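Structural overview for review
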Amino acid sequence: MSQPPSLADLDVVIHIAGHAGVLSKATRHAARKALVRVSVAEGRDLADAPQPDVRLRHAALAGTINARALRDEQAALRQAEVLPLLPADLVARISTGEATLDDAIAVVMRQESWGAERVRIAGAVTRLAAIALARFGRADLRATESVVDDLLARLTHGDFGLEPGSWSAFKSRVRRAVRLVDVHARQRLSESMLTGPWRLLLGAVKRSGDASRGDASRGDLAKVWPLVAFCHRRSIPPEAVDDAVIGRLRQELDARSRNAFDVARNVVYGWERLQKAHPEWPATRLSRLYARAAANGDLRFEDLPEPLRQSWAAFIAEFGAPRDTAVASLADLILDDDDVRLGTAPSTGDSLSAARLLNLRTVIVHAANVAIAQLGLMPASIEDLVTADIARRALKRIARRQVQTARDRDVAVNATGMKNGYLLHAATGFVTLARCLEMDDVMDDLVQLRDDVDPRLIRRKIQRDGSIRREYAEVQIGPRHRERLAQFRADTKLLAWFEVLDELIRRSETVAASGRLPTLEDVGDMIVCVLHAITRCCPMRRRNLTQLRILGPDRNLVLPPKHGVGYLHVDWQEVKNRRAIDVEIPEEYVRVLRRWIDVYRPALMRAVGADSANPYLFPAAGMAHRAPTLLNSAFVDRNRKIGGFELNLHLQRHLAAKIVLDQEPESMPLVQELLGHKKEQTTRRYYAEINSILVQRRYHDLLLGRLRTLRFRKGI
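Parameters and conventions
Residues numbered from 1 in each chain as written. Predicted model: local features only at pLDDT ≥ 70, side-chain atom pairs only at ≥ 80, totals over all residues. Heavy atoms only, no water. Helix = DSSP H or I, 4+ residues; strand = E, 2+ residues; numbered from the N terminus. Buried < 20%, exposed > 50% of the residue type's maximum accessible area, 1.4 Å probe, protein only. Contact = heavy atoms within 4.5 Å. Areas by Shrake-Rupley, 256 points an atom, 1.4 Å probe, with all protein chains shown as cover. Pairing = 2+ DSSP bridges. Axes fitted to C-alpha atoms, helices over the stretch in contact; angles between N-to-C directions. Phe/Tyr/Trp six-rings, centres within 6.5 Å; stacked < 30°, edge-to-face > 60°. Salt bridge = Lys/Arg side-chain N within 4 Å of Asp/Glu carboxyl O. Patch = residues over 30% accessible without salt bridge, like charges linked within 9 Å, V, L, I, M, F, W, Y side chains within 5 Å. Lys, Arg positive; Asp, Glu negative; His and termini not counted. Charge placed at Lys NZ, Arg CZ, Asp CG, Glu CD. Expected span 1.5 Å × (residues − 1). Arc of directions from axis to C-beta.

Further remarks concern the overall build of the chain. Within the chain, the secondary structure is distributed over 28 helices and five strands. Residues counted as buried form 48% of the 716 residues belonging to the chain. Of all intrachain contacts in the chain linking residues separated by at least 6 positions in sequence, the fraction that spans at least 24 positions is 65%. Accessible surface, the chain as shown: approximately 35,800 Å² in total, 52% of it carbon and sulfur.

Right, here's the structure in full:
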């Protein structure tokens, strides 16, 4: 025999009716307050108190309630009692905060007052669930605002085939559905709403607290309040709280809060303090929580010993490039040549770029932290840090932080463990330092460490002459870029990529037609417009994009005064793999560049305080150029908002190759020339996966062709 509905079931129904617009906010509050009064008077939790005759039981409290409140709560209960009930299992998931997207759809379809809109809302949630499963492998997403907001932030309108203007309405529909079943998102449990053992316990604490402990007790209760609310929702009495309950609390916090660990740790501390101050508090001892990587940041570069920082300054003076003022990024260090992989230090007379110097400084900070914290050393020079032991410890430290970051962001942990591109760059940094400082005695060990973390190294074999022969995997492109490139298999995303430039050009023409001065938002749009125009002529690296010059004897861009094609040249010394760039710019893109130079660039120069003689296409303060990171962030932002796809400047190079190879699989030499690779082998390593798919596609075409021939001969 099924159990009769409880007051907790009715409480959930009241919440849903309030957010669906069936009950007013005041009515919802009054009805829920009435349920609490009844359960408190009967000494039971909401989940244990039956629903039948609740209005009569509430009316029996007439002598203990203000007359006006009694009247309002009776009226609210009258409306609540006629609300249709939900299945018991659905109510249980909603009340405990474990409702799924399917539950949200089920509740939405019950809202007959929403008319046809409920079908559109349910459809939006269904599409979101399908995308979550296809893109992230998440079939069990909770229907909570925090989870859904985080998911929507990682998606774009392009993922759903929507126009940019429809994206806000789509997200609003999804959130409207989730609010129906996320009963804990926008309400904080108040003490007056408590029932059962928790209400009795907190009342006893307040009565036993003396004046000297009053304020402290309130602070401790605030710390444990997330636990109180969690247990109250699940009818867990105070005496049943143990480490397992704290573990369940942490799971819920992880799904709702970015500082879940800190909240859970404060709960344990507050619990301990309340035990010491109040004898009536449960005596169960809870295990303290400790961060997996306490003080993750440890020492910053500015905190390192002064002699070590002076040693670094001397290193920069000797090996740094004198005119390299670019803001560096690890994206500049992406390997795309055999000689880049094996040539881990500059040749005699060469200089280290700002990008490589930044990478080396990061390596030094990691090395100094492990030397000080793990080995008790106080390094006075870079040479003190360039040892195999410190390098090995530093790489493990980086790997641990990568795992922790992945968990904090709720993304999959790198399956290759101690093998990934970032670790390879760090290990290469140790080799570079050793070669620059001529520390030959540690070189073999450091090169071995570098090979150990190289994700694409298959094996290394020692030849008869003592040299090492390395065999690398064919696929060079990294997993993140591979995933983002895969989105352009969809025609809608690829079409959006083609059309985003047209939209940006249209926006610039609208500004010109209005006769107003461009705003900084307009300038940002035009920067991305220019970046798209140039990279569609030549998908060059963002470092070269940043340093393009339009003035001076060594300018890179030459544009016709009126009509015709333009010309772009980048000398070989400025290119990563020492291959000059020579490109013709079509007339349609010349017009884009002219508009940028004549109208938008002056507005940017005024905004950033650039010198009037600043030669760069994208100027910064004084005579500097705009940082690569700023150009890239603007590029990513506009592509996401306007086009609905995820694309950065480096991935633009990969996409160019994909588009060519999709049309002409045999055009690998063309892609090699387009991207400026020295060797076709490099190009094949990056796009082996694409080429494999195209070969398979061609194979199926040949099979079908052969089948048609055989059937034709047979007369079918």
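Now, onward.
A positive phi angle is found at Asp53, which is not glycine, with a value near 65°. With respect to the secondary-structure elements, Asp53 resides in the loop between helix H2 (25-42) and helix H3 (54-59). The backbone phi angle of Glu438 is positive, close to 55°, even though this residue is not glycine.

This brings us to the environment of Asp637. The topology assignment puts Asp637 in helix H25 (residues 628-643). With 113 residues separating them in the primary sequence, Asp637 and Gly524 have C-alpha atoms 9.8 Å apart.

What holds strands together in a sheet is hydrogen bonding between their backbones, with the strands either parallel or antiparallel. Spatially, three strands are ordered E3-E4-E5 in an open sheet, and the strand pairing comes out antiparallel. On the outer flanks of this sheet lie strand E3 (557-558) and strand E5 (581-585), each paired with one strand and no other. When strand E4 (residues 566-570) meets E5, the two strands line up antiparallel, connected through five bridges. Across the sheet, Tyr567 pairs through a bridge with Glu584, a residue of E5. Contacts from helix H24 (residues 587-608) reach E3, E4 and E5 within the one sheet, and its direction differs from that of E5 by about 95°.

Moving on, we get to the packing of aromatic side chains. This structure, assessed with the given rule, holds nine aromatic pairs. Taking 5.7 Å as the distance between ring centres and 15° as the angle between the ring planes, the aromatic pair formed by Trp167 and Phe170 counts as stacked. On the criterion of helical spacing, the pair formed by Trp167 and Phe170 is a turn pair, its members being three residues apart in helix H9 (residues 164-181). Judged by relative accessible area, which is 10%, Trp167 ranks as buried. Residue Phe170 is classed as buried on the basis of its relative accessible area of 5%. An aromatic cluster of three or more residues is present, and its members are Phe160, Trp167 and Phe170.

Tallied over the entire structure, the rule returns 30 salt bridges. The shortest N-O distance in the salt bridge between Arg57 and Glu42 comes to 2.8 Å. Of this pair, Arg57 sits in helix H3 while Glu42 sits in helix H2, and the two are 15 residues apart along the sequence. Take Glu42: its relative accessible area is 29%, and that puts it in the partly exposed class. Two residues, Glu306 and Arg309, come together in a salt bridge whose shortest N-O distance is 2.7 Å. One end of the pair, Glu306, and the other, Arg309, are both in helix H14 (residues 306-319), three residues apart, so they sit about a helical turn from each other.

A few words now on the pairing of E4. Here E4 shows a buried face lined by Gly566, Leu568 and Val570 and an unburied face lined by Tyr567 and His569. Looking at chain direction, E3 and E4 are connected through two bridges and run antiparallel. Pairing of Val558 across the sheet is with Tyr567, part of E4.

Together, Glu163, Glu499, Asp502, Glu587 and Glu588 make up a region of like negative charge exposed at the surface. Of all the secondary structure elements, the ones that give two or more residues to the negative patch are helix H21 (491-514) and H24. Tracing the backbone through its elements, the reader meets Glu587 in helix H24. A residue is classified by how much of its surface remains accessible, and Glu587, at 32% relative accessible area, is partly exposed.

This next bit is on H25. Along an α-helix, a turn takes 3.6 residues, which lines up residues three or four apart on a common side. Between its first and last C-alpha, H25 extends 21 Å over 16 residues, near the 22 Å set by a 1.5 Å rise per residue. For H25, the complete set of buried residues consists of Pro628, Leu631, Asn632, Ala634, Phe635, Arg638, Asn639, Ile642 and Gly643. For H25, the angular spread of buried residues about the axis comes to 160°, placing them on one side. Taken together, the buried residues of H25 touch H9, H21, helix H22 (520-537), helix H23 (542-546) and helix H26 (649-663).

Sheet topology note: the strand E1 (residues 457-462)/strand E2 (residues 468-472) ladder contains five bridges and is antiparallel. The residue of E2 that forms the bridge with Leu457 is Tyr472. In this antiparallel pair of consecutive strands, E1 and E2, the connection spans five residues, and Gly466 shows a positive phi of 90°.

On to the environment of Leu46, then. Checked against the element boundaries, Leu46 lands in the loop between H2 and H3. In this structure the C-alpha to C-alpha distance between Leu46 and Ser235, which are 189 residues apart in sequence, comes to 8.6 Å. Other than its neighbours up to four places away in sequence, Leu46 contacts Ser6, Leu7, Ala8, Asp11, Leu35, Val36, Ser39 and Thr195.

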